[in-house]
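# Working through the structure, step by step
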Amino acid sequence: MTYQNIILEHAEPGIYVLTVNRPKALNALNAATLAELADATARVAEDPAARVLLVTGAGDKAFVAGADISAMQPMSTLEARAFSEQGSRVMSGIEALPIPVIALVNGYALGGGCELAMACDWIIAAEQAVFGQPEVNLGIPPGFGGTQRLARLLGRARAMELVITGRQMKADEALRSGLANHVVPGGQLMEKGLEMARLIAAKAPVAVRVLKQAVQRGLDLDLASGCVLETSLFALAFGTADRKEGMTAFLEKRSPKFEGK
Ligand code: DAK
């Protein structure tokens, strides 16, 4: 598939950058863009050498300003349902990638944009980033998982307030409320993302994948079951050559060289 609305770059070994690229519509998500995002996600998932995916928006104004309102306005209920399912599948596909996915939120992340950012494993925001679920102002609820992921990330009361009032939240509030992990000046966003991606890419790849699974799957389990899951994943990682290398390097007082085996 050739892309018209997104850019997928292999920026550095193991590091992919996915950019939603419709700056004239503030990178709003229409069906074609969602289809391209699904394709790009599958391509990254199929690359065994992939270590980290960074997701961002083109231009300095928007990450993604939401689902495309002009595409949604004439939809029938059934078409809207299919659109919502398509969007939800894309968000779940990103969430299910075996490698860490970091959202670099460079501007407006509203509606489907906030949902896309929340489907990533964590968010680094530019100072000018603005988050929100303003769908209520259009007479609809969020349709790509927003009510569910926001409540899980921020807790019931904060999420409820945001989706019901539709108010916008600036980067400093996103940081305070736990939606964003870091806030940096806009010009430093990509460098900060790459810096973190390089750090992750240098870790033992199997351990990183196992850690993502342990935290993500464990949150859906009770504590005892989560600890059983952790033990299984621990044993899996313990059997790798990288585990031997990591421990040997520590004892030999040198840096480990991990190979993903
Ligand atoms: N869709 C389409 N075009 C958009 C857009 C969007 N979400 N956001 C902005 N644009 C377009 C504008 O129409 C404008 O186009 P032109 O007039 O230049 O052709 C261009 O981008 C620049 O936007 P503005 O002129 O408005 O720029 P401003 O700086 O004045 O304002 C803004 C920036 C982000 C505050 C404003 O554009 C805005 O409020 N945008 C809409 C934000 C929003 O409401 N987002 C949520 C979208 S709804 C469901 C399925 C899916 C969903 C829900 C339910 N089911 C089936 C149940 C998902 C819903 C959403 O995400």
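The structure reproduced in this document is the subject of the present report. (Residues numbered from 1 in each chain as written. Predicted model: local features only at pLDDT ≥ 70, side-chain atom pairs only at ≥ 80, totals over all residues. Heavy atoms only, no water.)

### So, the overall build of the protein chain
- Looking only at helices and strands, one finds 11 helices and 10 strands in the protein chain.
- For 261 residues, the compact-globule formula gives about 18 Å, and the C-alpha radius of gyration of the protein chain, at 19 Å, lands near that figure.
- Expressed as a percentage of the 261 residues in the protein chain, the buried residues total 44%.
- In the structure as shown, the protein chain presents an accessible area of about 13400 Å², 58% of it carried by carbon and sulfur atoms. (Helix = DSSP H or I, 4+ residues; strand = E, 2+ residues; numbered from the N terminus. Rg over C-alpha atoms; globule rule 2.2 N^0.38 Å. Buried < 20%, exposed > 50% of the residue type's maximum accessible area, 1.4 Å probe, protein only. Areas by Shrake-Rupley, 256 points an atom, 1.4 Å probe, with all protein chains shown as cover.)

### A look at the nonpolar core
- Counting residues in hydrophobic clusters, the biggest one holds 48 residues, and the most contacted among them are Leu 53, Phe 63, Val 105, Ile 123, Phe 131 and Leu 179.
- Non-local contacts of Ile 123, meaning those with residues more than four positions away in its chain, are made with Ala 103, Val 105, Ala 117, Met 118, Phe 131, Leu 179, Ala 180, Asn 181 and His 182. (Core = buried A, V, L, I, M, F, W, Y, C linked by side-chain atoms within 4.5 Å. Contact = heavy atoms within 4.5 Å.)

### Some details on the site of the ligand
- Every one of the 25 residues lining the ligand counts as a neighbour, but Lys 61, Ala 65, Ala 67, Ala 80 and Gly 112 are closest to it.
- In the model, an oxygen atom of the ligand is placed 2.6 Å from a nitrogen or oxygen of the Lys 61 side chain.
- Between Ala 65 and the ligand, the recorded distance is 2.8 Å, taken from a backbone N or O atom to a nitrogen atom.
- Burial of the ligand by the protein chains amounts to 64% of its free accessible area of 1100 Å².
- Counting residues per element, the ones that place at least two in the shell around the ligand are α2 (69–72), α3 (77–95) and β6 (108–110).
- In terms of residue class, the shell around the ligand is built from 16 nonpolar, five polar and four charged. (Near = heavy atom within 4 Å. Polar contact = N/O pair within 3.5 Å; in protein donor to acceptor, adjacent residues only side chain to side chain. Nonpolar A, V, L, I, M, F, W, Y, C, P; charged D, E, K, R; others polar.)

### With respect to the environment of Asp 60
- When you line up the elements, Asp 60 lands in the loop between β3 (52–57) and β4 (62–64).
- Asp 60 sits in the exposed class, given a relative accessible area of 64%.
- Put simply, Asp 60 and Leu 37 are 23 residues apart on the chain and 20 Å apart in space, counted from C-alpha to C-alpha.
- With near-sequence residues (within four places) excluded, Asp 60 lies in contact with Asn 106 and Gln 128.

### Some thoughts on the packing of helix α9 (residues 205–218) against helix α10 (residues 223–238)
- Running from N to C, α9 and α10 cross one another at 175 degrees; their axes reach a closest spacing of 10 Å. The pairing of α9 with α10 is recorded here as roughly antiparallel in orientation. Of the residues in α10, those in contact with Val 206, Val 210, Gln 213, Ala 214, Arg 217 and Gly 218 of α9 are Leu 229, Leu 233 and Leu 236.
- Among the residues forming the contact of α9 with α10, the class breakdown is six nonpolar, two polar and one charged. (Axes fitted to C-alpha atoms, helices over the stretch in contact; angles between N-to-C directions. Parallel < 35°, antiparallel > 145°, perpendicular 65-115°, else oblique.)

### Overview of unusual backbone geometry
- Phi angles above zero are rare outside glycine, and Leu 26 is one such case at about 50 degrees.
- Using a relative accessible area of 25% as the deciding quantity, one classes Leu 26 as partly exposed.
- Its identity as a non-glycine residue notwithstanding, Asn 27 has a phi of 60 degrees, on the positive side.

### Considering the environment of Gly 239
- If you trace the backbone, Gly 239 turns up in the loop between α10 and α11 (241–251).
- On the basis of relative accessibility, which here comes to 66%, the residue Gly 239 falls in the exposed class.
- On a C-alpha basis, the gap between Gly 239 and Lys 261 in space is 9.2 Å, while along the polypeptide they are 22 residues apart.

So yeah, pure geometry; function would need other evidence.
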